[in-house]
Amino acid sequence: MNDGKFIYEYDKFNLNNFKFQNGEILEDVTVEFILKGTPKYDDGGNIINAIIYCPNYDRNCFSINDYPQLTDSGTPFDLNKFFIISITSLGVPDSCCPSTTGLKYNFPKYDFLDKVNCKKQFIKEKLNIEKVHAIVGRGMGGYEVYTWACEYPDDMDVIIIANSSFKTNGYRYVIAKGIESIIDSSKDFYSDIYDESLTKTMITINKILYSQYFSKRIFQEMTNNEIDVLMDEFVEQGLFIDIYDYNLQNEAIIHYDIEDKLSNVKAKTLVLSPYDDLYFTPEFDTVPLKNLVDDCEIVVLSTCEDRSRQIYFKELISALNSFFKKIEK
């Protein structure tokens, strides 16, 4: 086995074309990515320690840099031991999406399998990788991980999923359908000229999304004035999300359901679920996996987001270290 040198690379790669599940084909499809870590090779020259990181719904490949607690030397995803591939998903700027292509409402509808297939095509064409050591994702990034492990169970050895679920139902479905109705009610959505009303629509959507941002406990601890200030900050940041990008993402969320295929998963699985998350709950989104996925370890964390995040990361790191020790035996 040969070890490579440390790599940090940011770039954009163009696929000549990409075929969606609905049969539509786009040419010159952009994929934004970061390569970060130390690749290790087998005797055939194949990278054997690659980890794919799938960002959350509104994040890009740079979000891997938000977690030095997990990637520094001596941490669970030590960059001296692993080679991390962080990819901005299909449908999200600055990968191929409605806003950056200019297709807006004419962009092909996609689902989470399309997002996975785009990343599969990228790692094959760019890196000549067909199998990775692990795939990791949080939130909607977890939707991609579940989908990948169910549809292509031989593509990875390990999957790690945090704050996520295997289907859209209940509270999440109500939220997504409500947002769908808000967008449908916008008379200027199909206009070729951008109207200020679309910005107001996104302000309303982001205020709804803010309701999922903290745990129940954190919301209860905040004063209404604190909620207002932080909500305004959240909404302001959310205005960078284009309404056409968000609309198709929301449609993909509405139709997401991989439950019937969970028995296909072959990878060693770790699922992390904070007990006080408003959007993803252990009771409905994690505990049922005990009977649905073989070789699945479930860890319920005591909190979703303490304000300093110290408790969250301490428990998260402990769970990851314990899991890796078990699978390395």
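See the structure above.
Okay, so let's go over this structure. (Residues numbered from 1 in each chain as written. Predicted model: local features only at pLDDT ≥ 70, side-chain atom pairs only at ≥ 80, totals over all residues. Heavy atoms only, no water.)

Quick look at the pattern of salt bridges now. Taken as a whole, this structure holds 17 salt bridges when the rule is applied. Put simply, Lys-119 and Glu-144 hold a salt bridge, and the shortest N to O gap is 2.8 Å. Taken together, the residues Lys-119 in helix α3 (residues 112-127) and Glu-144 in helix α4 (residues 140-151) connect sequence positions 25 residues apart. On the accessibility criterion, Glu-144 (2% relative accessible area) is buried. (Salt bridge = Lys/Arg side-chain N within 4 Å of Asp/Glu carboxyl O. Helix = DSSP H or I, 4+ residues; strand = E, 2+ residues; numbered from the N terminus. Buried < 20%, exposed > 50% of the residue type's maximum accessible area, 1.4 Å probe, protein only.)

Take the nonpolar core next. Core analysis: the biggest nonpolar cluster contains 75 residues, and Ile-52, Ile-85 and Ile-123 have the highest contact counts within it. Residues within four places of Ile-123 in sequence aside, it is in contact with Ile-52, Ile-85, Ile-87, Asn-128, Ile-129, Val-132 and Trp-148. Ile-64, Leu-70, Ile-160 and Val-299 belong to the second largest nonpolar core, which has 25 residues in total. (Core = buried A, V, L, I, M, F, W, Y, C linked by side-chain atoms within 4.5 Å. Contact = heavy atoms within 4.5 Å.)

For helix α5 (residues 170-184), which comprises 15 residues, the first-to-last C-alpha distance of 21 Å matches the rise-based estimate of 21 Å (1.5 Å per residue) to within 8%. Taken as a whole, α5 has its buried residues at Arg-172, Ile-175, Ala-176, Ile-179, Glu-180 and Ile-183. Angularly, the buried residues of α5 cover 140° about the axis, an arc narrow enough to put them on a single face. Facing away from the buried side of α5 by more than 90 degrees, the exposed set consists of Val-174 and Asp-184. The inward-facing, buried residues of α5 contact α4, α6 (196-210), α9 (243-254) and α10 (282-286). (Expected span 1.5 Å × (residues − 1). Arc of directions from axis to C-beta.)

With respect to the helices and strands, Asn-117 occurs in helix α3. Relative accessible area serves as the criterion here: at 13%, Asn-117 is assigned to the buried category. With residues near it in sequence (within four places) discarded, Asn-117 still touches Phe-18, Gln-21 and Tyr-152.

On to a negative patch on the surface, then. Together, Asp-228, Asp-232, Glu-233 and Glu-236 give the surface a local cluster of negative charge. On the secondary structure map, Glu-236 appears in helix α8 (residues 224-238). Classification of Glu-236 by relative accessible area gives exposed; the value is 56%. (Patch = residues over 30% accessible without salt bridge, like charges linked within 9 Å, V, L, I, M, F, W, Y side chains within 5 Å. Areas by Shrake-Rupley, 256 points an atom, 1.4 Å probe, with all protein chains shown as cover. Lys, Arg positive; Asp, Glu negative; His and termini not counted. Charge placed at Lys NZ, Arg CZ, Asp CG, Glu CD.)

This next bit is on unusual backbone geometry. Here Pro-93 and Asp-94 are connected by a cis peptide whose omega angle stands at 5°. With respect to the element layout, Asp-94 can be found in the loop between β6 (83-87) and α2 (98-101). Phi is positive for Asp-28, which is not a glycine, with a value near 55°. With a phi angle near 45°, Lys-104 is a residue other than glycine that sits in the positive phi range. For Lys-104, the position within the fold is in the loop between α2 and α3.

A full pass over the atoms with the stated rule returns zero disulfides. Left unpaired, Cys-97 is separated from the closest cysteine sulfur, that of Cys-96, by 6.9 Å. The thiol sulfur of Cys-296 is not disulfide-bonded, and the nearest other cysteine sulfur, from Cys-150, lies at 11 Å. (Disulfide = S-S within 2.5 Å.)

So, about the environment of Phe-6. On the secondary structure map, Phe-6 appears in the loop between β1 (2-3) and β2 (7-19). In this structure the C-alpha to C-alpha distance between Phe-6 and Phe-82, which are 76 residues apart in sequence, comes to 9.7 Å. In contact with Phe-6, not counting residues within four places along its chain, are Gly-37, Thr-38 and Leu-79.

Let's shift gears to the packing of α6 against α9. Their axes nearest at 11 Å, the elements α6 and α9 cross at an angle of 45°. Taken together, α6 and α9 sit at an angle that is classed as oblique. Considering the relative orientation of α6 and α9, their crossing is left-handed. Taken together, the residues of α9 that come into contact with α6 (itself represented by Leu-198, Thr-201, Met-202, Ile-205 and Leu-209) are Ile-243, Tyr-244 and Tyr-246. The residue inventory of the contact of α6 with α9, partitioned by class, reads seven nonpolar, one polar and no charged. (Axes fitted to C-alpha atoms, helices over the stretch in contact; angles between N-to-C directions. Parallel < 35°, antiparallel > 145°, perpendicular 65-115°, else oblique. Left-handed = near helix turned anticlockwise from the far one by under 90°. Nonpolar A, V, L, I, M, F, W, Y, C, P; charged D, E, K, R; others polar.)

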